Amino acid sequence: NDAQANRVMRSLDNAIMTLKQSRSLNALQVASIDVASSLLEVASRPECNNPFVCLQQAAIYANLGSKRGNNDEKFKGYLTSKDRCTPTDALVVLGRADCLRAIHFIHEAQYLCSW
């Protein structure tokens, strides 16, 4: 478990480092989507002390990404069955929906919110 948590945090750290090194608008947009995706991963871990902050920050970084195109790929994922869904799973689904909304994938965000 600790190894997985360290891997997720290392992934977030690498995404933030890439964002800091961005020298063009396109690189900044791609790196912002990567940071948002990494923050969603952190929020899904039981070691996360405040998933609400991670989800809010993920939506903020997603908003910096380019709109439409294939940017939704990072936020696609399997949905847990409703009978086995934990509160954390539900929060992460709503976080993914917020990120999709931020990059103008409104219908996909609505679907996740209705799930």
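Residues numbered from 1 in each chain as written. Predicted model: local features only at pLDDT ≥ 70, side-chain atom pairs only at ≥ 80, totals over all residues. Heavy atoms only, no water.

Regarding its fold elements, the chain presents five helices and zero strands. Secondary structure elements of the chain, listed N to C terminal, follow the sequence α-α-α-α-α. For a compact globule of 115 residues, the expected C-alpha radius of gyration is about 13 Å, and the chain comes in at 14 Å, within 12% of that figure. Put simply, 65% of the contacts in the chain that link residues at least 6 apart link residues at least 24 apart. (Helix = DSSP H or I, 4+ residues; strand = E, 2+ residues; numbered from the N terminus. Rg over C-alpha atoms; globule rule 2.2 N^0.38 Å. Contact = heavy atoms within 4.5 Å.)

Under the defined criterion, the tally for this structure stands at six salt bridges. Glu41 is the salt-bridge partner of Arg7, the closest N and O atoms lying 4.0 Å from each other. Within this pair, whereas Arg7 is found in helix 1 (residues 2-20), its partner Glu41 is found in helix 2 (residues 25-44), the two being separated by 34 residues in sequence. Accessibility expressed as a relative area gives 46% for Arg7, which makes it partly exposed. Take Glu41: its relative accessible area is 30%, and that puts it in the partly exposed class. The partner of Arg45 in a salt bridge is Glu47, with the nearest N and O atoms 3.3 Å apart. Salt bridges sharing common partners tie together Asp72, Glu73 and Lys76. (Salt bridge = Lys/Arg side-chain N within 4 Å of Asp/Glu carboxyl O. Buried < 20%, exposed > 50% of the residue type's maximum accessible area, 1.4 Å probe, protein only.)

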